[in-house]
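Residue strings, one per chain:
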Amino acid sequence: MSCELCDQTGGQLLWRDERCRVVRVGDPDYPGFCRIIWNAHVAEMTDLPPADRARLMEVVFAVEEAVREALSPDKINLASLGNLVPHLHWHVIPRFRNDRHFPAPIWGQPARPASPARDCSALADAVARHLAPRA
Ligand SMILES: [Zn+2]
């Protein structure tokens, strides 16, 4: 069975190591929306040994910090669903009170026609800095 997250990067690659990668999702309503994708095909957090679970969450939190720094959102949504693509990944979604679905989840009913454009020029650098090895 083919899996799109085994076959493709899954977005614009911002960072990767041997265990996981960070991509930017190209959704015009959700600028700054990032995904952290485990490189190997596993479905659930509890398919990973404890050290790998901890590492994945460390990367998720580093990306959350980078997104907060680069975009100053009103709220961050973290989600791990994988119902359509059962390959372990986390969504880090910057939310704004005037975005298309707020206050519903981005997968819910839209509340307005579109989200305003936002400047994401600081995002790639922020992700790299927050995931740089600490001295
Ligand atoms: Zn896969």
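Look up: the structure comes first, before these words.
Residues numbered from 1 in each chain as written. Predicted model: local features only at pLDDT ≥ 70, side-chain atom pairs only at ≥ 80, totals over all residues.

Chemist: So what's going on with the overall build of the chain? Which residues, and what values?
Modeler: Looking only at helices and strands, the chain features three helices and five strands. Ordered by position from the N terminus, the helices and strands of the chain form the series α-β-β-β-α-β-β-α. Overall, the chain is about 40 × 40 × 25 Å in size when its C-alpha atoms are taken along their principal axes. Within the chain, buried positions represent 30% of all 135 residues. Partitioning the contacts of the chain with sequence separation of at least 6, the portion at a separation of at least 24 is 52%. (Helix = DSSP H or I, 4+ residues; strand = E, 2+ residues; numbered from the N terminus. Buried ≥ 20, exposed ≤ 12 C-beta atoms within 10 Å, placed from the backbone. Contact = placed C-beta atoms within 7 Å.)

Chemist: Can you tell me about the environment of W15, naming the residues and giving the values?
Modeler: Relative to the helices and strands, W15 resides in strand β1 (residues 12–16). Residues W15 and A128, 113 residues apart in the sequence, show an inter-C-alpha distance of 6.7 Å. Beyond its immediate chain neighbours, meaning those up to four positions away, W15 contacts R21, V22, V127, A128 and L131.

Chemist: Break down the sheet that holds strand β3 (residues 34–38) for me, citing the residues and quoting the values.
Modeler: Sheet strands pair by backbone hydrogen bonding; their relative direction is either parallel or antiparallel. Judged by pairing direction, the sheet is antiparallel, and its five strands sit side by side in the order β1-β2-β3-β5-β4 without closing on themselves. Two strands lie at the open edges of the sheet, namely β1 and β4 (75–79), each paired on one side alone. Taken over all neighbouring pairs, the strand axes of this sheet differ in orientation by 20° on average, direction set aside. Each of β1 and β2 (20–24) touches helix α3 (residues 123–130); the most contacted strand, β1, lies at about 20° to it. (Pairing = 2+ DSSP bridges. Axes fitted to C-alpha atoms, helices over the stretch in contact; angles between N-to-C directions.)

Chemist: Would you mind going over the packing of helix α2 (residues 50–71) against α3 in detail, with residue names and values included?
Modeler: For the pair α2 and α3, interaxial distance at closest approach is 8 Å and the crossing angle is 145°. When you trace α2 past α3, the crossing you get is right-handed. On α3, the residues that touch A62, V63, E65, A66, V67, E69 and A70 of α2 are L123, A126, V127 and H130. Here the residues of the contact of α2 with α3 are counted per class, giving eight nonpolar, one polar and two charged. (Left-handed = near helix turned anticlockwise from the far one by under 90°. Nonpolar A, V, L, I, M, F, W, Y, C, P; charged D, E, K, R; others polar.)

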